[in-house]
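# A structural walkthrough
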Amino acid sequence: MQPTVDATTALERPTAPLLRRERDSAIDFGGLDPQYHPPMHYPTEVELYEPTLDTGSIQRRPNEQETVTVSAEVPLPCGHFNIWRPLHDRRVPVAARLARFFTGSAALQSDGRVVAPASSTWDSRISYSSADDEYFENGHALPLIKGWEHGMLASRNIFRKIEHDWQMTYLAPSLGNADQQSLAVWRFNYAESRRAIERFHAVLGFSLFAETAGVEWCIRPLSKPCFRQIPIRILTAEETAYFSEIELGHDQHRPASGRSLDERARIIEQYRGQILAYRARGDDFNSYIVHSVPALAADLSAYVEGEYGFELAVSFLPATEGRDVWQKVQVARQSLRQLISGRLREGEDALAQCGLDFRIKLRDSIVVPPVAPALIQALTAQPPRLQMDDARCDFTIHVRDPENTVGSLQPPIRAHESVLRAGSEYFAALLESEMAEAASKHVELDAMPYGAVRLAIYFLYADEVPHVDAMDLSDWITLLSATSRLSIPRLHQLCQARILREVAYDPLDIEHDPSYKDLVTYPDTEVAESLQAVADDSDAQDLVQALDRLIAYYPIAVCENRIRSRPAQEFSRSTAPPFFRDDPRDHPEAMLGGPPLGPFGHGIGDEADEWALMPGPVLHPEIIPDIRHARHIRREHPRNGFFARHLGNWLPFAPNGDADPPAPQPGPVPEAPRNTHRPVPQPESGSESDDGSAPGAA
């Protein structure tokens, strides 16, 4: 089995065909078409980030209505999760209406705003708890998504199993579908924020209970055509002793605490990019048991560093022999007692027990360095703060602008030697040389735009570009060329960042195509190549790489925007939870396997009873009544049969499964009947008429 790398042997096993397939283009989903799940209103999913309204002044003029000025602050997403779900940076405050739930939490600040704790090193985090069957965002223990399937881009032949006897729950391959592909895919895309992935750590919990069973984790940057396997390393008995979260056997002993931490760090560093697992002791039911190291996040940064997005997939490989082969591979195994939802005061510590935890650290595509300390010292050494063109200037700059960009008036630029030396590498080298300009405190710059040079020198003093809103793309390109010659690092990076911001995705310029699967027109290659040529001439390598990444993700962004703009029903599978459906044949993955495939291909034999689907454990056949005709029975006698006894009248759909729910009737809601416990009056003898009716009856 290829993904499970043992200390001594490594078995080979083919990967899932859907994950092994090479994509034809950047927008090819490789057979894993995205599936849309609408937000669930019951149970309620929590919108952590909402627009906030601030009511300003109220003006009222004579003979006119009142005018209220309201400002709205909309938290823009930093990316999207599975195409439809917006992702927000942890620095974005949570909606004000949720602040009362964070009383006493480390996320609650003094001004009443709720943000992720400052100690958090992750900009985006998605955690899944199989015990709650909920997804959480940015360490907040409020449900972002309800249901394991609703938080996936695509899934095939898997379900969530609950073991009430063992008090455990996990994701497992479909019962009775051992020969089919069982996999799950998650998708992250941060292209909208123009922030590349710097680090990616993930807790990928799994358990194996047979030597022939396996699990395969794969990852694919969105700009790459193929998935790559993430190797799994099974620790030796000696290495296992250094991990305190692993329970040791009776014959094992832990080393000294000081040595244990150093050796643990060495092991984690040695197997960077791999998922660490260990061999557990066998029990009465399984002689072979392998678990991933609990709550240990694998460093997978090498797979996606510098990318805008990626897909993470897991393939379930059931055992090839024995009984209950589907149950031998489990993902996100978690105790039912380890509930996460609602534990707000514990902060991010509450999510340490989640079976799946994706943590992403983002960085700007072009990082602007802070102001150099030497420049700050030069500006503030002699109060008041130094200013350009003041009386204390001791250096003069003449600019010969052949194009005369600012008109005929080009006065010399006067600055301070100490400021130029600290802020510009060009002037620092000039002043340290033995050239005549260093002695005369005067320099002439040929063939440079006067306005750009003056802006660059002004930036050294004010640390800002004046009238930045009035500058367009060509102005920033001109300023980039000037700062490249003057070697001003901070302004050089700032110009690159502004140029990248001006090059925006514009799907509206592309002719709309009703099919999102068709190839999308790439951006104008001439514009991209011209910008890259300018960046090369200006030694702006960060901008060159960012433009390459932007071009690669342009069709992906257009494709996802088209998907989000189309009716969601085209991508919906089912808006109802599985146990609400009319016929148990409609959801075969939660039916107990064993009988051969029936006429429906769902593991239901003609001679076997139908396997009823209920929330909780799968019922055994000996306690399931005969519900072969449950649909027919429920239509004619709604209070008879298996569904009526267990669900009663709690049915969200009509009995026939194809009619709409009944519309609410007008009028007041009737009150519940009151039981007064009064004895029923008995009629007196002789009070009834001859025909048996009450006296006075018509």
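Worth saying up front: this structure is predicted, and the values here are computed from it rather than measured.

Structurally, S481 is set in helix α10 (residues 473-486). In this structure S481 comes out as partly exposed when scored by relative accessible area, which is 37%. As for S481 and S538, which are separated by 57 residues in sequence, their C-alpha atoms are 5.5 Å apart.

This structure, assessed with the given rule, holds 31 salt bridges. Note that R195 is salt-bridged to D123, the shortest N-O span being 3.4 Å. Taken as a pair, R195 in strand β13 (residues 195-204) and D123 in the loop between β5 (85-87) and β6 (124-129) lie far apart in primary sequence, 72 residues in all. What you see here is one network of salt bridges that share partners, running through R23, R187, E192, R220, E311, E560 and R564.

With that settled, consider the sheet that holds strand β8 (residues 140-146). Spatial strand order, β8-β7-β6-β23-β13-β20: six strands in an open sheet with antiparallel pairing. The sheet terminates laterally at β8 and β20 (298-299), the two strands that pair on one side only. In the sheet, strand β7 (residues 134-137) pairs with β8 via three bridges, with the strands oriented antiparallel. Within β8, the position partnered with Y135 by the bridge is I145.

Closest axis-to-axis distance for the α10/helix α11 (residues 489-502) pair is 9 Å, and the angle between their directions is 155°. Considering the angle they form, α10 stands roughly antiparallel to α11. The chirality of how α10 crosses α11 is left-handed. Side by side, α10 and α11 meet where L473, W476, I477, L479, L480, T483 and S484 of the first sit next to L491, H492, C495, Q496, R498, I499 and E502 of the second. Across the contact of α10 with α11, the residue classes break down as eight nonpolar, four polar and two charged.

Below, the discussion takes up the confidence of the model for the protein. Summary statistics for the protein give a mean pLDDT of 76 and a share of 73% for residues scoring 70 or more. Note on residues 1-14: pLDDT is under 50 here. Beyond four places in sequence and across chains, it has 36 contacts. Scored below 50 in pLDDT, residues 574-670 makes 119 contacts in the model with residues more than four places away or belonging to other chains.

What follows deals with a nonpolar patch on the surface. A cluster of nonpolar residues, L53, V68 and V70, forms a patch on the protein surface that exposes about 280 Å² of accessible area. Mapped onto the secondary structure, V68 falls in strand β3 (residues 66-73).

The strand order across the open sheet built from three strands is β25-β24-β26, with neighbouring strands paired in mixed fashion. The sheet terminates laterally at β25 (413-415) and β26 (442-446), the two strands that pair on one side only. Within the sheet, the average angular offset between the axes of one strand and its neighbour, ignoring direction, is 25°. By the bridge criterion, three bridges tie strand β24 (residues 395-400) to β25 in an arrangement that is antiparallel.

Let's shift gears to the nonpolar core. Judged by nonpolar contacts, the single largest core of 48 residues is most densely connected at I397, F427, I457, Y461 and L543. It is helix α9 (residues 450-462) that provides the largest number of residues to this core, a total of eight residues. The contacts of L543, once residues within four sequence positions are left out, are I366, L480, Q496, I499, L500 and A535. In this structure, Y135, I158, I234 and I275 belong to the second largest nonpolar core, which totals 47 residues.

Let us look at the packing of aromatic side chains. For the structure on display, the rule yields 15 aromatic pairs. A ring pair is formed by Y308 and Y553, whose centres lie 5.3 Å apart and whose planes are at 70°; its orientation type is edge-to-face. With a gap of 245 residues between them, Y308 in the loop between α4 (301-304) and β21 (309-317) and Y553 in helix α13 (residues 541-565) connect regions that are remote in the sequence. On the basis of relative accessible area, Y308 is assigned to the buried category, the value being 0%. Residue classification places Y553 among the buried positions, given a relative accessible area of 1%. For the pair F395 and F427, a centre-to-centre distance of 6.1 Å together with 80° between the ring planes defines the contact as edge-to-face. Of this pair, F395 sits in strand β24 while F427 sits in helix α7 (residues 425-432), and the two are 32 residues apart along the sequence. With respect to burial, F395 and F427 carry one shared label: buried. Joined through ring pairs, the aromatic side chains of F81, Y128, Y135, W186, F188, F200, W217, F310 and F358 make up one cluster. The side chain of R220 reaches across the aromatic face of F227, ending 5.8 Å from its centre. Above the ring of Y308, the side-chain terminus of R549 is found at 5.2 Å from the ring centroid.

Criteria and thresholds
Residues numbered from 1 in each chain as written. Predicted model: local features only at pLDDT ≥ 70, side-chain atom pairs only at ≥ 80, totals over all residues. Heavy atoms only, no water. Helix = DSSP H or I, 4+ residues; strand = E, 2+ residues; numbered from the N terminus. Buried < 20%, exposed > 50% of the residue type's maximum accessible area, 1.4 Å probe, protein only. Salt bridge = Lys/Arg side-chain N within 4 Å of Asp/Glu carboxyl O. Pairing = 2+ DSSP bridges. Axes fitted to C-alpha atoms, helices over the stretch in contact; angles between N-to-C directions. Parallel < 35°, antiparallel > 145°, perpendicular 65-115°, else oblique. Left-handed = near helix turned anticlockwise from the far one by under 90°. Contact = heavy atoms within 4.5 Å. Nonpolar A, V, L, I, M, F, W, Y, C, P; charged D, E, K, R; others polar. pLDDT = per-residue confidence, 0-100. Patch = residues over 30% accessible without salt bridge, like charges linked within 9 Å, V, L, I, M, F, W, Y side chains within 5 Å. Areas by Shrake-Rupley, 256 points an atom, 1.4 Å probe, with all protein chains shown as cover. Core = buried A, V, L, I, M, F, W, Y, C linked by side-chain atoms within 4.5 Å. Phe/Tyr/Trp six-rings, centres within 6.5 Å; stacked < 30°, edge-to-face > 60°. Lys NZ or Arg CZ within 6 Å of the ring centre and 35° of its normal.

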